[in-house]
Amino acid sequence: MERRVVRGAEVGLFLPDLARLRIGVFREWPYLYAGNEAYERAYLEVYARSPDSVFVLAMDGGRIVGASSGLPLADDAEAFRAPFEAAGFDIARVFYFGESVLLPEYRGRGLGHAFFDAREAHAAALGRFDWTAFCAVDRDASDARRPPDYRGNEALWGKRAYVRRDDLRCTLGWPEAEGGPDVAHTLTFRLRPISRKG
């Protein structure tokens, strides 16, 4: 296993593989995302255009098996910025973590923590951010589509001191069936202050 960190436009070399990985992993609960490569490439190109973005890649034999992303919130789409602006945050001081995706057979090996470590270190090294933040989809625990053996990431997020902020939410739409319409989903943000060392 190799971990590789790429920044800004460097991620362009990996866009096709990242798009396929994201589509495959996000088909699972809780996202149930029936996306396509064209949409994914457009989404990922936002990161490629941001000079301070970061991708942490997990690779096995040269194949990308996991990835985690981040960029300054000010460089992201309005849907992600608007809740922070409405709450009075200076979005120039927030570094936003996109998603972490990992193929099932590579889970449980500590890569989730490694993804956070690398992104948090990147945000801190830039020296101009006060917060790291990410959001996750809200799903009803009684939803019949929820696998009985599903384990969420709340324990990981709690260990890393991310606090759920019910006052910071956004709504995004994506299809849950091939060729189906976009379905509106609510996502809630988690925040953690960036520690200043030295």
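This text gives an overview of the structure that appears in the document. (Residues numbered from 1 in each chain as written. Predicted model: local features only at pLDDT ≥ 70, side-chain atom pairs only at ≥ 80, totals over all residues. Heavy atoms only, no water.)

Right, let's get into the nonpolar core. L18, Y31, F55, L57, F84, Y96 and F189 are the most contacted members of the largest nonpolar core, which has 59 residues in total. For L57, the residues in contact, after removing those within four places along its chain, are E2, R3, R4, V6, F14, L18, I64, G66 and A67. (Core = buried A, V, L, I, M, F, W, Y, C linked by side-chain atoms within 4.5 Å. Buried < 20%, exposed > 50% of the residue type's maximum accessible area, 1.4 Å probe, protein only. Contact = heavy atoms within 4.5 Å.)

Our focus in this paragraph is the environment of E28. Tracing the sequence through the fold places E28 in the loop between helix 1 (15–26) and helix 2 (37–49). Residues E28 and R145, spaced 117 residues apart in sequence, show a C-alpha to C-alpha distance of 9.9 Å. Apart from residues lying up to four places away in sequence, E28 is in contact with P104 and R107. (Helix = DSSP H or I, 4+ residues; strand = E, 2+ residues; numbered from the N terminus.)

Using the criterion set out here, one finds 20 aromatic pairs in the structure. Taken together, a centroid distance of 6.5 Å and an interplanar angle of 80° make the contact between F26 and Y33 edge-to-face. Using a relative accessible area of 8% as the deciding quantity, one classes F26 as buried. One aromatic cluster is present, built from ring pairs that chain together F95, F97, F116, F129, F134, W157 and Y162. Sitting over the face of the ring of W29, R139 holds its NZ or CZ atom 5.5 Å from the ring centroid. (Phe/Tyr/Trp six-rings, centres within 6.5 Å; stacked < 30°, edge-to-face > 60°. Lys NZ or Arg CZ within 6 Å of the ring centre and 35° of its normal.)

All right, on to the pairing of strand 3 (residues 63–72) then. Within strand 3, nine of the ten residues are buried, which leaves the element mostly enclosed by the surrounding structure. Looking at chain direction, strand 2 (residues 54–60) and strand 3 are connected through seven bridges and run antiparallel. The residue bridging V54 from the neighbouring strand is G70, located in strand 3. Once strand 2 ends, the chain turns through two residues before running back antiparallel as strand 3, passing G61 with a positive phi of about 60°. (Pairing = 2+ DSSP bridges.)

Bringing the environment of R93 into the picture now. Position of R93 among the secondary structure elements: in the loop between helix 3 (78–86) and strand 4 (94–102). Once the C-alpha coordinates of R93 and G127 are considered, the two residues, 34 residues apart in sequence, prove to be 9.6 Å apart.

This next bit is on the sheet that holds strand 2. The strand order across the open sheet formed by seven strands is 1-2-3-4-5-7-6, and the pairing between neighbours is mixed. In the strand order of this sheet, the two ends are held by strand 1 (2–7) and strand 6 (163–175), each with one partner. For this sheet, the mean inter-axis angle between neighbouring strands, taken without regard to orientation, is 25°. Relative to strand 2, strand 1 runs antiparallel, the two being bridged by six bridges. Looking across to strand 2, one finds that R7 is bridged to V54. Against the sheet, helix 2 contacts strand 2, strand 3 and strand 4, and its axis sits at roughly 60° relative to strand 3. (Axes fitted to C-alpha atoms, helices over the stretch in contact; angles between N-to-C directions.)

As for its position among the elements, R190 is in strand 7 (residues 182–193). Notably, R190 is buried but unbridged: the nearest opposite-charge side chain belongs to E154, and the N-O separation is 4.5 Å. For R190, the side chain forms a polar contact with the main-chain oxygen of T188, separated by 3.1 Å. Those residues in contact with R190 that lie beyond four places of it in its chain are T132, A133, F134, A136, W157, Y162, V163 and R164. (Lys, Arg positive; Asp, Glu negative; His and termini not counted. Salt bridge = Lys/Arg side-chain N within 4 Å of Asp/Glu carboxyl O. Polar contact = N/O pair within 3.5 Å; in protein donor to acceptor, adjacent residues only side chain to side chain.)

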